[in-house]
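# Geometric and topological summary
Here are the chains, one letter per residue:
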Amino acid sequence: MRLFRQDILSAQPAKLYRAWMAEFRTPFFRSYMVNDPALLKRVLNERPDDFPKSDRVGAGLRPLLGNSVFLTNGAVWKRQRRIIDPAFEGGRLRDTFPAMWAAGEAANARLAGKAGGAPVEIEEETSHAAADVIFRTLFSIPIDHDIAARVFREFRAYQREQPILNLRAFIAGPRWMPRFYSRETRRTAKVIRGLIGELTEARLREIEAGTAPDDLATKIMTTTDPQTGDRFDLAEMIDQVAIFFLAGHETSASALAWALYLLATHPEWQDRLAEEAQGLTPEFSAVSRLRVARDVFREALRLYPPVPMMVRETTCPEEFRGRAVKTGSQVVLSPWHLHRHERMWDDPDGFDPARWGTENGKTCMRDAYMPFSAGPRVCTGAGFAMVEGPLLLAMILREFRVTPVEGRVPVPVAHLTVRAADGIWLRLDRRGAESGR
Ligand code: HEM
């Protein structure tokens, strides 16, 4: 239990990076951290219905997310995925590209004002950029739009109040214990949902009038469930928009910030990426040629998985590696440990984007890599994020060089996603202008 009382990332003992499984006892239930690929497969791919999402983890997010697809289980969740998934299919990704490109250009314009000056807190910049991508792709509005800017601001306040990996998730009391949210958490959740409600309602009217832009929100709000023929109503759509905004910008922002830090500390890779980026053109097909950027982004997702742990619950007695596991046990799936597992990865803690071309890298990609989770409950935005990440990296590094700031080594902590305790500070210079410093 003591383990979970400290910060989850720095408190992990070394043996968890070698163990196939670990058991934690609390007064009320047991938690099992699972690193064994066969067990992961059972939980995520083979019998996902028997391992629903644990309520305990979602608790901190419920005021904001309501009944959104991130928190639901069973039939409700399946219906929601049937309506949402078509919006993220391959062909639709191509349609979102111009919005992503525009967000990248806007990010570079903001960064240009800071280049050559004092060190920059880069998480703040990547959050801004990723939030811009989400608003542009979902609602066809940039982050400077009044409502978008207010959602973004309020959301930062919410994040400070409610970590996604609530420690109570693991050491919670009996189920009947009332959930406690601070007044501030409830206030910000209400404000954010109110603002999202305004956007969603306005969109509904545009759809009815036939004037709605062809973006993700319109697609999701006009898709009918093939099994029942119905659509999301307004309240359900607000829940889904809240999760798209949250899951879609926090995660990408975290991955981009860590990727930039890794490139700052590995200048040879930064140069390779910048060189590749010179050939970038504003076309969707150009993204598939960003091989260095993709390998770097993948490696950043391995070393700093934005969602460090996920928790499921057993619904019947199970046997895990010869051990009896009771109903109601918590199953902790940990990309954080799996991605650095010493028995599977060559040089597990090293930054080596070239690993994806090696035998070990390919095997581990299949068995020991799940930044987007796996199985039917895999991240809906995985394909989207794998376009957005490499594209933004290439766009930024085409124009700027990043270098580390002495004495500022970021320490990863689990907030809503894996962030640095005191931010990630980098120096930013225009490429070719460094000598002028
Ligand atoms: C680098 C970026 C991203 C990472 C690493 C990431 C990671 C994840 C992970 C690990 C999960 C599963 C969580 C769990 O099962 O407990 C998840 C779920 C989800 N993600 Fe992402 N995500 C990213 C970007 C996005 C984007 C861009 C969107 C939408 C635009 C998105 C939307 C969602 C949604 C809706 C879910 C819930 C799916 C479900 O439970 O059925 N994500 N994501």
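Strand direction decides the pairing type here: strand β3 (residues 120–121) and strand β11 (residues 425–430), joined by two bridges, are antiparallel. What sits directly across from glutamate 121, in β11, is tryptophan 425. Bridge analysis of strand β8 (residues 400–404) against β11 gives five bridges, and the strand direction is antiparallel. When the bridges of β11 are listed, arginine 401 appears paired with aspartate 429.

Moving on to the nonpolar core. Residues Ile220, Leu273, Phe320, Leu333 and Leu393 are the most contacted members of the largest nonpolar core, which totals 121 residues. At 18 residues, the largest contribution of residues to this core is made by helix α12 (residues 234–265). Sequence-distant contacts of leucine 273, that is, excluding residues within four places in its chain, are made with Leu263, Val292, Ala293, Val296, Leu393, Ala394 and Leu397. Counting residues in hydrophobic clusters, the runner-up holds seven residues, among them Ala22, Met33, Met309 and Val332.

Counting protein donors to the iron atom of the ligand gives just one, Cys379 (SG), placed at 2.2 Å. Within the element layout of this structure, cysteine 379 appears in the loop between α17 (359–367) and α18 (382–399).

Relative to the helices and strands, aspartate 95 resides in helix α6 (residues 90–112). Residues aspartate 95 and threonine 137, spaced 42 residues apart in sequence, show a C-alpha to C-alpha distance of 8.9 Å.

Right, let's get into the pattern of salt bridges. Applying the stated criterion across every chain, the model contains 28 salt bridges. As a salt-bridge pair, arginine 187 and glutamate 154 come within 3.3 Å of each other at their nearest N and O atoms. On the criterion of sequence distance, the pair formed by arginine 187 in helix α10 (residues 183–209) and glutamate 154 in helix α8 (residues 146–161) is long-range, its members being 33 residues apart. Arginine 187 gets classed as partly exposed once you look at its relative accessible area, which sits at 38%. Each of Glu23, Arg25, Arg30 and Arg323 takes part in one network of salt bridges that share partners.

What follows covers the site of the ligand. With respect to spatial proximity, 26 residues lie near the ligand, and among them Trp77, Arg81, Arg312, Arg377 and Cys379 are the closest. In this structure, valine 69 approaches the ligand through a main-chain N or O atom, which is 3.4 Å from an oxygen atom. Here the element with the most residues in the shell around the ligand is α12; it accounts for five residues. When the residues that make up the shell around the ligand are grouped by side-chain class, the tally is 16 nonpolar, six polar and four charged.

Next up on the list: the pairing of strand β7 (residues 330–333). Burial of the side chains of β7 extends over both faces: Gln330 and Val332 are buried on one face and Val331 and Leu333 on the other. Alignment of strand β2 (residues 30–34) against β7, held across four bridges, turns out to be parallel. By the bridge assignment, tyrosine 32 is partnered in β7 with valine 331. For strand β4 (residues 310–313) and β7, the ladder comprises four bridges, and the chain directions are antiparallel.

Now for the side chain of histidine 337. On the secondary structure map, histidine 337 appears in helix α16 (residues 335–338). Polar side-chain contacts of histidine 337 include one of 2.7 Å to the side chain of serine 334.

Here we take up the packing of α10 against α12. Axis separation between α10 and α12 bottoms out at 9 Å; the angle between their running directions is 120°. Here α12 runs oblique to α10, going by the angle between their axes. Crossing handedness for the pair α10 and α12: right-handed. Where α10 abuts α12, its residues Arg193, Ile196, Gly197, Thr200, Glu201 and Leu204 lie against Leu234, Met237, Ile238, Asp239, Val241 and Ala242.

A separate point is the confidence of the model for the protein chain. On average, residues of the protein chain score 88 in pLDDT, and 89% of them reach the 70 mark or higher. Counting contacts from residues 1–7, a segment whose pLDDT is below 50, to residues more than four positions away or on other chains yields 18 contacts. Counting interchain partners and residues more than four positions distant, the pLDDT-below-50 stretch residues 164–179 has 42 contacts.

Moving on, we come to unusual backbone geometry. Among all residues save glycine, negative phi is the norm, and among peptide bonds the norm is trans. Located in the positive-phi region is aspartate 347, a residue other than glycine, with phi close to 45°. Tracing the sequence through the fold places aspartate 347 in the loop between α16 and α17. Look at serine 373: it is not a glycine, yet its phi comes out positive at around 65°. Looking at the element boundaries, serine 373 is found in the loop between α17 and α18. Residue class for serine 373 comes out buried when judged on its relative accessible area of 13%.

The next point concerns the packing of aromatic side chains. A complete count under the given rule lists 14 aromatic pairs for this structure. Ring geometry for tryptophan 345 and tryptophan 356: centres 5.8 Å apart, planes at 85°, overall edge-to-face. Residue tryptophan 345 is found in the loop between α16 and α17, and its partner tryptophan 356 is found in the loop between α16 and α17; the two are separated by eleven residues along the sequence. Tryptophan 345 sits in the buried class, given a relative accessible area of 3%. A relative accessible area of 7% means that tryptophan 356 is categorised as buried. Ring pairs connect the aromatic residues Trp258, Tyr261, Tyr304 and Trp336, which therefore count as one cluster. Directly above the ring of tryptophan 345 sits arginine 302, whose terminal nitrogen or CZ lies 5.0 Å from the centroid. Here arginine 340 stacks its cationic end above the ring of tryptophan 336, 5.0 Å away from the centre of that ring.

In spatial order, the strands read β3-β11-β8; together these three strands make up an open sheet with antiparallel pairing. Only two strands of the sheet have a single partner each, and these edge strands are β3 and β8.

About the cut-offs
Residues numbered from 1 in each chain as written. Predicted model: local features only at pLDDT ≥ 70, side-chain atom pairs only at ≥ 80, totals over all residues. Heavy atoms only, no water. Pairing = 2+ DSSP bridges. Helix = DSSP H or I, 4+ residues; strand = E, 2+ residues; numbered from the N terminus. Core = buried A, V, L, I, M, F, W, Y, C linked by side-chain atoms within 4.5 Å. Buried < 20%, exposed > 50% of the residue type's maximum accessible area, 1.4 Å probe, protein only. Contact = heavy atoms within 4.5 Å. Donors = N, O, S within 2.8 Å, 3.2 Å for Na, K, Ca; no water. Salt bridge = Lys/Arg side-chain N within 4 Å of Asp/Glu carboxyl O. Near = heavy atom within 4 Å. Polar contact = N/O pair within 3.5 Å; in protein donor to acceptor, adjacent residues only side chain to side chain. Nonpolar A, V, L, I, M, F, W, Y, C, P; charged D, E, K, R; others polar. Axes fitted to C-alpha atoms, helices over the stretch in contact; angles between N-to-C directions. Parallel < 35°, antiparallel > 145°, perpendicular 65-115°, else oblique. Left-handed = near helix turned anticlockwise from the far one by under 90°. pLDDT = per-residue confidence, 0-100. Phe/Tyr/Trp six-rings, centres within 6.5 Å; stacked < 30°, edge-to-face > 60°. Lys NZ or Arg CZ within 6 Å of the ring centre and 35° of its normal.

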